[in-house]
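What follows is the residue order along each chain.
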Amino acid sequence: MTGDVMISLKNVSKVFDSAEGSAAVHDLSMDIVRGETVVLVGPSGCGKTTTMKMINRLVEPTSGEITVNGTDVMKQDPVELRRGIGYVIQSIGLMPHRTIAQNIATVPELLKWDATKVKQRVAELSDILELDEALLGRYPNELSGGQRQRVGVARALAVDPPVMLMDEPFGAVDPIVRERLQDQFLDLQDRLKKTIVFVTHDIDEAIKMADRIAILNRGGVIEQFASPEEILRSPANDFVKQFVGVERGLKRLALLKVSQIGIEEGPVVSPEAPIRDAERAMEKFDYDWCSVVEDGELLGWVDRESLGGCLTVAEAQARPFSAYVTHDSTLREALDSIVTSRTQVAVVASGGQRYVGILSLERISKEIIS
Amino acid sequence: MNLAQADRPTIKWSWIGDNSDKIFARFIEHIELTVLAVAIGLLISVPLAIYAYRHRWFYTPLTSVTGILYTIPSLALFAFLLPYTGLTVQTAEIGLVGYTLLILIRNIVAGLAGVPPDVREAARGMGFSSGQMLWRVEMPLALPVIMAGVRLATVTTVGLVTVTALIGKGGLGFFILSGMRTDFITAILVGSILSLVLAVTVDGLLVYLERRITPWSRSRAGQRRPAPKTQSSIGPRVA
Ligand SMILES: Nc1ncnc2c1ncn2[C@@H]1O[C@H](COP(=O)(O)OP(=O)(O)O)[C@@H](O)[C@H]1O
Ligand SMILES: [Mg+2]
């Protein structure tokens, strides 16, 4: 990770008065870089929420030091500090007595922005989060769960804070809506580049949302703090391995893009070429078929059977591939293409039908094992 | 109807006409005594209830004391106050205010306790100071429960005002008392029917007021959060 540190926790501990000496978070240190999304993930009660709440002083650390943008949070007025940090919780906590527009305007109003500026900002945010203008005058209890969640995010973004704290923000909605909200939020984060601390207990959500994942164990102990890819590739210990669960390989495939691994050239022949060329290409790769490519354009495939009795490849009538993948496809999609195609490989094409090469099962599994 | 009227003392309509000025004046006095009592009651209850809500230890002694005030028979209370404050408005108001306190305090505390914890947490996380939290989040959200207390206190006070006729005030109670003393049914009926009408009207007005100031609590009533449990443990149930 490069870049400057936005949030830093140094030897932070929290012992709750009622907890009789056992620490909710014990000696936790972590640096979060400007613009990255760090996901805290771990079993229930491991101290994720406590860790997050110490950053905006909803919970005061018992010991240790926390800085946001270089300033010690304990030396700032907590109310001022919180107004500069976006905050989203699972149950959202929209104010039932205020309309959606008023809810979004909460922090701007606390900061005494003038009314025209507030109005403008609310319009902007409802646009960004695709909230229908008709919703703005309604009250929260008139909205669906997904809509409320987006209002919660809009509200947290209202004064464009550089840091966002999100505690299981999509935990309360059904899986389909959750996936949409996650995608929408990823798009948003691509543009906004906030520094985000995101709490979840769902490893798949963590893998999807995170630049880096911190896997916590009881007492806020960090078992591993690394990119999702690295955590899946080389889990630090049994706890991480178990938490990440089965299908570690498949989960990694979902993270890797076709463009990230070497693509093989594969057997290729031009339609004008004599049959002999096609046979040579097949022999070279030890396949019984080959792609037909004309000026870089993928026409389809032919095999020994269809070439029988023909003089040129063109005569053999290339058959189209049933599916192909692009540079942006995940390896998981490529794998799907491999196991469902008769040719047992994924054909990679770009920009419509431009032939790039092929991906074989061997190539993908080599990537996963390395 | 005609048969029934024959054997009974009839209402002297002419008396009502002749005394309409006096009746109107007493009607106004009744409203004044009521409004003053509830207003003072609120002025005392709001800070006490807020304190009791923030410092839980204070709630039990507070409701014990106001509970005693609430259960003292009104006659006894006025008799007790007479040597100190005499036949004055103060005597009447001290008694009337005393009766509103328990109702108001209980409902204000219950209303505050019923504020959803997630709303409070989100507000704190967004940077509300504790004063802003109270006046912009907690009190507005407690309003339906507080208004229910105000209605109950007001209707109770309308009834109690008639008793203050015994110490020379009483609003419409004056007619009930003098009617009983002189066995004059018309005055009794005027006093009691008008105070009943007053109670029902004021209650209706307060319901209307509550709807106006809490438009959010009506929208899609079916989707409202279930009432929090704390409400039943302290304070009267709310309609
Ligand atoms: N306000 C509190 N008072 C006492 N103990 C608490 C409080 N908040 C959290 N805890 C305890 O601290 C531990 C960590 O809690 P939390 O941070 O909420 O975990 P997570 O968010 O990972 O589920 C738990 O054992 C929890 O019971
Ligand atoms: Mg939690």
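Description of the structure in this document.

What follows deals with the site of ligand 1. All names here are of chain A. Lining the immediate surroundings of ligand 1 are Phe16, Ser18, Ala24, Ser44, Gly45, Cys46, Gly47, Lys48, Thr49 and Thr50. Taking Lys48, its main chain carries an N or O atom lying 2.9 Å from an oxygen atom of ligand 1. The side chain of Thr50 places a nitrogen or oxygen atom 2.5 Å from an oxygen atom of ligand 1. Alone, ligand 1 offers 550 Å² of accessible surface; in the complex the protein occludes 58% of this. Grouping the constituent residues of the shell around ligand 1 by class yields three nonpolar, six polar and one charged.

Residues and elements named next belong to chain B. As for its position among the elements, Ile185 is in helix 10 (residues 185–213). Overall, the relative accessible area of 32% leaves Ile185 in the partly exposed class. For the pair Ile185 and Ser20, spaced 165 residues apart in the sequence, the C-alpha separation amounts to 16 Å.

Residues and elements named next belong to chain B. When the terminal C-alpha atoms of helix 5 (residues 74–85) are compared, their 15 Å separation across twelve residues agrees well with the 16 Å that a helix rising 1.5 Å per residue should span. Listed as buried for helix 5 are Ser74, Leu77, Phe78 and Leu81. Taken around the axis of helix 5, the buried residues stretch over an arc of 90°, which confines them to a single face. Exposed side chains of helix 5 directed beyond 90 degrees from the buried face belong to Leu75, Phe80 and Pro83. Taken together, the buried residues of helix 5 touch helix 6 (89–113) and helix 8 (130–161). Gly86 sits one or two residues past helix 5 and shows a positive phi near 70°.

Attention now goes to the sheet that holds strand 5 (residues 71–72) of chain A. Residue and element names in this part refer to chain A. Taken together, four strands build an open sheet; the order of strands is 2-1-4-5 and the sheet is antiparallel. Two strands close off the open sheet at either side, each with one partner strand: strand 2 (25–33) and strand 5. Where strand 1 (residues 5–14) and strand 4 (residues 63–68) come together, five bridges link them in antiparallel fashion. Residue Lys10 lies in a different strand from strand 4, and its bridge partner there is Glu65. The sheet strands contacting helix 1 (residues 48–55) are strand 1, strand 2 and strand 4, and the helix crosses strand 1 at an angle near 120°.

Each partner contributes residues to the interface: chain A has 24 residues there, and chain B has 23 residues. Surface buried jointly by chain A and chain B totals about 2,200 Å² across both partners, of which 58% is contributed by carbon and sulfur atoms. For the pair chain A and chain B, the interface holds one salt bridge. For Glu121(B), the salt bridge goes to Lys53(A), with nearest N and O atoms at 3.6 Å.

Before going further, it helps to examine the sheet that holds strand 8 (residues 195–200) of chain A. Remark on secondary structure: sheet strands pair via backbone hydrogen bonds, oriented parallel or antiparallel. All names here are of chain A. Ordered by their spatial adjacency, six strands build an open sheet running 6-7-8-3-9-10, and the pairing between neighbours is mixed. In this open sheet, the two strands that pair with only one neighbour each are strand 6 (85–89) and strand 10 (221–226). When the angles between neighbouring strand axes are averaged without regard to direction, this sheet yields 15°. Here five bridges tie strand 3 (residues 37–41) to strand 8, and the two strands are oriented parallel to one another.

About the criteria used
Residues numbered from 1 in each chain as written. Chains lettered and ligands numbered in written order. Predicted model: local features only at pLDDT ≥ 70, side-chain atom pairs only at ≥ 80, totals over all residues. Heavy atoms only, no water. Near = heavy atom within 4 Å. Polar contact = N/O pair within 3.5 Å; in protein donor to acceptor, adjacent residues only side chain to side chain. Areas by Shrake-Rupley, 256 points an atom, 1.4 Å probe, with all protein chains shown as cover. Nonpolar A, V, L, I, M, F, W, Y, C, P; charged D, E, K, R; others polar. Helix = DSSP H or I, 4+ residues; strand = E, 2+ residues; numbered from the N terminus. Buried < 20%, exposed > 50% of the residue type's maximum accessible area, 1.4 Å probe, protein only. Expected span 1.5 Å × (residues − 1). Arc of directions from axis to C-beta. Contact = heavy atoms within 4.5 Å. Pairing = 2+ DSSP bridges. Axes fitted to C-alpha atoms, helices over the stretch in contact; angles between N-to-C directions. Buried area = accessible area lost by both parts, 1.4 Å probe. Salt bridge = Lys/Arg side-chain N within 4 Å of Asp/Glu carboxyl O.

Nothing here speaks to function; it is all geometry.
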